[in-house]
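What follows is each chain in one-letter form.
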Amino acid sequence: MNFEREIELLIKSRYPLVSVRTIEEEYVIESLYRFCQKENLSFFRWSVTAGLRANMNENSFYHSNDPLAMLKLAGDLIGGEPPAVFALSDFHKFLDNKVNLRLFKEHLIRIKNTENTFVVLGSSVKLPEEIKLYGAELEAGYPTEEEIMREVYLIESEFRKSDVDIKIAIDEKMKNKLIVLLKGLSFQQIRRIVTQCVIDDRTFDASDFQKIAKYKKEVFDSQGTLEYFAGESPKNIAGFSNLKTWINKRKRAFYSSDERLPAPKGVLLCGVQGAGKSLAAKVIASEFELPLYRLDLNRLYSKYIGETEENLRNALKTVGRLAPVCLWMDEIEKALASSSGDMDGGVSQRVLGTFLTWMQERKEKAFIIATANDIKSLPPELLRKGRFDEIF
């Protein structure tokens, strides 16, 4: 389900508060405005620099930059007709003020079970516990497969309208590969790299896929938790005959639409350092014809309470956005080693519990490739039957 449909359902379900995590603020605001126009709702948007503005007007209400003044003004607006939707950019950063928090909470109580909604948006929205129970959380700005191609065709039409002679050569088979390459990028990032490819030689075809892969690697490497890797040909690795045989037998099941045939979940590769486990992971991704992302669990750990678990949940959400995908977890025993959790306040145990639950319950197609140097260090619950399809 795309963002526009999700936010529409939440507003119609009379949620007083929706928090939206996004790097595409303009996309969220435009989507909310279109929805309000369609449903005949009032629309207001606020930022601390521009103040409170009605619809898409640039003129703001007098002295509405201050968060408290904006809340008082919003209190007057939510009592009228038609009901209103408020898009508040980075407003969560001002809720450490007790007066702002109290007044905002009173507004949420007041508009509960009405069609009025406050939407708080930002790149990382963390709401106080006192108001979390009034709202729902969403992530926005990452297009579906249909929206990816729509954005590519939109860029093409914009170039043609500007009388620039360009050539777009993407057939059906190439289109599927292009979708996989662009999946996980935001609207803005897709527009940036596709436009760059077209401007370089006034052509957009399969020769640009390498540029897109390089750009995507740079994007994910900068985020710190997921790294993008290219696959390797099976010809580049010797041995591993049992693994190669297993892959050839099971890879078709990954794409099968027959619900009676379960898709493969993943494999665990064990062996000493230098045995070729990392190269084998790249070969598996190549054979499955899937992008390969490496999840560095050690980078998830933080000194702040609860942030490690939040980092893991966000990383797994990103994996879901990228699916179908191969998720490579290198030297997994170093991050999930069997431990009582006494040394770190139970953080490692909570991380393990979150990861095991995701492994068991995930609906998206994510094939896990875990590698380990010392299998004895791994917790027994990770090795039980059903976690991995096979251990090599």
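Above: the structure in question.
Residues numbered from 1 in each chain as written. Predicted model: local features only at pLDDT ≥ 70, side-chain atom pairs only at ≥ 80, totals over all residues. Heavy atoms only, no water.

Caption draft 1: Seen up close, the overall build of the chain. The secondary structure content of the chain amounts to 14 helices and 14 strands. Taken along its principal axes, the extent of the C-alpha atoms in the chain is 70 × 65 × 40 Å. Per-residue burial for the chain yields a buried fraction of 47% across its 392 residues. Of the accessible surface of the chain, which amounts to about 20000 Å², a share of 49% is contributed by carbon and sulfur atoms. (Helix = DSSP H or I, 4+ residues; strand = E, 2+ residues; numbered from the N terminus. Buried < 20%, exposed > 50% of the residue type's maximum accessible area, 1.4 Å probe, protein only. Areas by Shrake-Rupley, 256 points an atom, 1.4 Å probe, with all protein chains shown as cover.)

Caption draft 2: View of the environment of Val325. As for its position among the elements, Val325 is in strand β12 (residues 325-329). The sequence separation of Val325 and Glu4 amounts to 321 residues, and the corresponding C-alpha distance is 25 Å. Once you skip the residues sitting within four places of it in the chain, Val325 turns out to touch Leu290, Pro291, Tyr293, Val319, Lys365, Ala366 and Phe367. (Contact = heavy atoms within 4.5 Å.)

Caption draft 3: Region of interest: the pattern of salt bridges. This model, assessed by the stated rule, comprises 18 salt bridges. A salt bridge links Glu4 to Arg34, with the nearest nitrogen and oxygen atoms 2.4 Å apart. Within this pair, whereas Glu4 is found in helix α1 (residues 3-12), its partner Arg34 is found in helix α2 (residues 25-39), the two being separated by 30 residues in sequence. Judged by relative accessible area, which is 29%, Glu4 ranks as partly exposed. Judged by relative accessible area, Arg34 falls into the partly exposed class, the value being 42%. In this structure, the salt-bridge partner of Glu158 is Arg191, at a minimum N-O distance of 2.8 Å. Of the two residues, Glu158 is situated in helix α6 (residues 145-161) and Arg191 in helix α8 (residues 187-201); the sequence distance between them amounts to 33 residues. Accessibility expressed as a relative area gives 38% for Glu158, which makes it partly exposed. (Salt bridge = Lys/Arg side-chain N within 4 Å of Asp/Glu carboxyl O.)

Caption draft 4: Structural view of the sheet that holds strand β6 (residues 135-140). If you trace the six strands from one edge of the open sheet to the other, you get β3-β2-β4-β5-β1-β6, paired in mixed fashion. Of all strands in the sheet, those bounded by a partner on one side alone are β3 (51-54) and β6. Averaged over all pairs of adjacent strands, the angle between strand axes in this sheet comes to 20°, irrespective of strand direction. Pairing geometry for strand β4 (residues 84-89) and strand β5 (residues 117-122), over five bridges, is parallel. (Pairing = 2+ DSSP bridges. Axes fitted to C-alpha atoms, helices over the stretch in contact; angles between N-to-C directions.)

Caption draft 5: Spatial organisation of the nonpolar core. Counting residues in each nonpolar core, the largest one holds 57 residues, and the members touching the most others are Leu182, Ile332 and Phe355. Looking at which element gives the most residues to this core, the answer is helix α13 (residues 347-361), with seven residues. Residues in contact with Phe355, not counting those within four places in the same chain, are Leu312, Met329, Ile332, Leu336, Ile368 and Leu382. One finds Leu17, Ile111, Leu127 and Ile131 within the second-largest nonpolar core, a separate group that totals 24 residues. (Core = buried A, V, L, I, M, F, W, Y, C linked by side-chain atoms within 4.5 Å.)

Caption draft 6: Fine view of α8. The end-to-end C-alpha distance of α8, which contains 15 residues, comes to 22 Å, matching closely the 21 Å that a straight helix rising 1.5 Å per residue would cover. Residues of α8 that are buried: Phe187, Gln189, Ile190, Ile193, Val194, Cys197 and Val198. Buried residues along α8 sit against α2, α6, α7 (172-182), β8 (203-204) and α9 (209-223). (Expected span 1.5 Å × (residues − 1).)

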